[in-house]
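Structural description and commentary
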Amino acid sequence: MLNIVLFGPPGAGKGTQSTRLLEKYGLVHLSTGDILRAEINAGTVLGLTAKSLIDKGELVPDEVVIGMIDNKISASANKNGFIFDGFPRTTPQAKALDEVLQKKNTGITCMLALEVPEPELIVRLLERGKVSGRADDQDENTVINRIKVYNESTLPLKDFYKAQEKFAAIHGVGTVDAIFESLCEAIDGVKA
Ligand code: UDP
Ligand code: MG
């Protein structure tokens, strides 16, 4: 299986590139952010709890997202692999993901990290907020808090995957096509 962690701060382009990668490599896209937003729209209990955290730019608790991912992986048997977009976000989540995949006799192939400077991220997110309707993209303080939470809780995952020799940095500024090319080169490199 080809199991990719597409990593990067909010606004790095994970969603955009995921769409292209899943088409090219026949993967299943698992975005915990999208799953949580679907729960919010469906008005579930989980959605209600998640909304209050998301609107502040805080993280939903580990056990909640781990449970969601476990269910989705189990529901997609016999696939080529997965793109994990926006997950894992903490070290406990990464460890839990390794365990879930191990039970299916597979594991993470690589982490591809889209690197974009912070001022560019803020511009992109506020721009997206104008069209996405996402409350967490419209408020500058929330955007800044998400980047802070990313730097504190999520960025250490780089070292987690580096230690497993699975980390690759990708320059995330440029055209969507050029960045897609860089991602494909990195994937084809580890596949070969
Ligand atoms: N979120 C979370 N855990 C996840 C995914 C999302 O707590 O695994 C919450 C968090 O508050 C985050 C928001 O949902 O800021 C939006 O997530 P998404 O992945 O869409 O944001 P992105 O980082 O892509 O802008
Ligand atoms: Mg996203």
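Description of the structure in this document. (Residues numbered from 1 in each chain as written. Chains lettered and ligands numbered in written order. Predicted model: local features only at pLDDT ≥ 70, side-chain atom pairs only at ≥ 80, totals over all residues. Heavy atoms only, no water.)

Scanning all chains against the criterion turns up twelve salt bridges. A salt bridge links D177 to R20, with the shortest nitrogen-to-oxygen separation between them at 2.7 Å. A residue pair is termed long-range when its members are at least 10 positions apart, and D177 in helix α10 (residues 176-191) and R20 in helix α1 (residues 14-25) qualify at 157 residues. In this structure D177 comes out as partly exposed when scored by relative accessible area, which is 48%. A salt bridge links R134 to D136; the shortest N-O distance between them is 3.0 Å. We classify R134 as buried; its relative accessible area is 18%. By relative accessible area, D136 is classed as buried at 6%. (Salt bridge = Lys/Arg side-chain N within 4 Å of Asp/Glu carboxyl O. Helix = DSSP H or I, 4+ residues; strand = E, 2+ residues; numbered from the N terminus. Buried < 20%, exposed > 50% of the residue type's maximum accessible area, 1.4 Å probe, protein only.)

The next thing to look at is the sheet that holds strand β1 (residues 4-7). Within a sheet, adjacent strands bond to each other through the backbone by hydrogen bonds, running parallel or antiparallel. Reading across the sheet, the five strands line up as β2-β3-β1-β4-β5 and stay open at both edges, with parallel pairing between neighbours. This sheet does not close on itself; its edge strands, each paired only once, are β2 (28-31) and β5 (167-171). Each strand axis lies, on average, 20° off the axis of its neighbour in the sheet, ignoring direction. By the bridge criterion, three bridges tie β1 to strand β3 (residues 82-85) in an arrangement that is parallel. Looking at β3, one finds that I4 is bridged to I83. Sheet strands in contact with helix α2 (residues 32-42) are β2 and β3, and its direction is about 65° off that of β2. (Pairing = 2+ DSSP bridges. Axes fitted to C-alpha atoms, helices over the stretch in contact; angles between N-to-C directions. Contact = heavy atoms within 4.5 Å.)

Turning our attention to the site of ligand 1. Taken together, 17 residues are adjacent to ligand 1, and T32, R37, E58, V60 and R146 come closest. Contact between ligand 1 and G86: an oxygen atom at 3.4 Å from a main-chain N or O atom of the residue. Coverage of ligand 1 by the protein amounts to 96% of the 520 Å² it exposes when considered alone. It is α2 that contributes the most residues to the shell around ligand 1, four residues altogether. For the shell around ligand 1, the residue count by class is six nonpolar, three polar and eight charged. (Near = heavy atom within 4 Å. Polar contact = N/O pair within 3.5 Å; in protein donor to acceptor, adjacent residues only side chain to side chain. Areas by Shrake-Rupley, 256 points an atom, 1.4 Å probe, with all protein chains shown as cover. Nonpolar A, V, L, I, M, F, W, Y, C, P; charged D, E, K, R; others polar.)

Right, let's talk about unusual backbone geometry for a bit. The omega torsion of the bond from F87 to P88 falls at -5°, within 30 degrees of zero and hence cis. Unlike most non-glycine residues, N105 shows phi in positive territory, near 55°. Along the chain, N105 turns up in the loop between α5 (91-103) and β4 (110-115). With phi around 55°, E165 is a residue other than glycine that occupies positive phi space. Judged by relative accessible area, which is 75%, E165 ranks as exposed.

Considering all chains together, one arrives at zero disulfides under this definition. Distance from the sulfur of C110, which forms no disulfide, to the nearest cysteine sulfur (C184) is 11 Å. Classification of C110 as buried rests on a relative accessible area of 2%. Residue classification places C184 among the buried positions, given a relative accessible area of 4%. (Disulfide = S-S within 2.5 Å.)

Because an α-helix packs 3.6 residues into every turn, residues spaced three or four apart end up facing the same way. The end-to-end C-alpha separation of helix α4 (residues 62-75) is 20 Å, in line with the 20 Å expected for 14 residues at 1.5 Å each. When we look at burial in α4, the residues that qualify are V65, M68, I69 and I73. Looking down the long axis of α4, one finds its buried residues gathered within 130° of arc, a one-sided arrangement. Exposed positions of α4 whose direction lies more than 90 degrees from the buried face are E63, N71 and A75. Against the buried residues of α4 lie β2, α2, α3 (45-54), β3 and α5. (Expected span 1.5 Å × (residues − 1). Arc of directions from axis to C-beta.)

Don't take any of this as a statement about function, it's just geometry.
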